[in-house]
Amino acid sequence: MSVSIPVERLLDQGLANQRATVRYRCGPAMPGRVYLNTDLIFMRAWIRDLSLEGLGLLVEKPLDPGAFIVLQLKSPSSGEKYQISAEVMHCTAVAGEYLVGCHFVSALTEDTLEDLL
């Protein structure tokens, strides 16, 4: 289930940044793939921000909070591909897409975070 809330309202209410670690904005076109753990079918995603413990992404279809997914991300600098398991924390409809917040099952290392940024 997803909820449609304007991003401005989230910002006004201070709900857009309740994170334990600093998130870094990704480049304007950082693509990724989302795999559901029970399926080999993937969904394209655009990575908006990234931290040691989670990320924000945009997808075309809603993801259920509590679902576990596997993210495939490719470093823009080294070209290395990463497979990262995460839990969907929230899904919000925004301008015809879905803003999804995820928490990593295992935190990234500083080196991996730096490589992905």
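In the block above lies the structure referred to throughout.
Residue positions are given per chain, counted from 1 along the sequence in the order it is written. In view of the model being predicted, local features appear only for residues whose pLDDT reaches at least 70, and side-chain atom pairs are presented and counted only at 80 or more, with totals across whole chains, interfaces and linings using the full set of residues. To get the side-chain values, take all heavy atoms of the structure and skip hydrogens and water.

Enquirer: Looking at this structure, how should I read the pairing of strand β7 (residues 81-94)?
Expert: Moving residue by residue along a regular strand, the side chains alternate between the two faces of the sheet. In terms of strand pairing, strand β6 (residues 68-74) meets β7 through seven bridges, oriented antiparallel. Each residue of the ladder has a partner; that of Leu71, found in β7, is Ile84. Hairpin remark: β6 followed by β7, antiparallel, with six residues in the connecting loop; positive phi at Gly79, about 80 degrees. Taken together, the eight bridges between β7 and strand β8 (residues 97-104) define a ladder with antiparallel strand orientation. Its bridge partner being in β8, His90 is matched across the sheet by Gly101. Strands pair, by our definition, only if DSSP identifies at least two bridges between them. Helical segments are the DSSP runs of H or I of at least four residues, strand segments are the runs of E of at least two, and each set is numbered from the N terminus. In this structure, the hairpin formed by β7 and β8 is closed by a connection of two residues, where Ala95 is found at a positive phi of approximately 50 degrees.

Enquirer: So what exactly am I meant to see when it comes to the pairing of strand β4 (residues 42-50) here?
Expert: Pairing geometry for strand β3 (residues 31-36) and β4, over five bridges, is antiparallel. Across the sheet, residue Val34 finds its bridge partner in β4, namely Met43. Between β4 and strand β5 (residues 54-59), which pair antiparallel and follow one another directly, the connecting turn spans three residues.

Enquirer: Got a minute to help me understand the environment of Val34 in this structure?
Expert: In this structure, Val34 sits in strand β3. Separated by 52 residues in sequence, Val34 and Ala86 place their C-alpha atoms 9.9 Å apart. Among residues more than four places away in sequence, those in contact with Val34 are Ile41, Phe42, Met43, Ala45, Leu57, Val59, Leu63, Ile69, Val70 and Leu71. In this analysis, two residues are considered to be in contact whenever any of their non-hydrogen atoms come within 4.5 Å of each other.

Interpretation note: all reported values are geometric properties and have no functional meaning in isolation.
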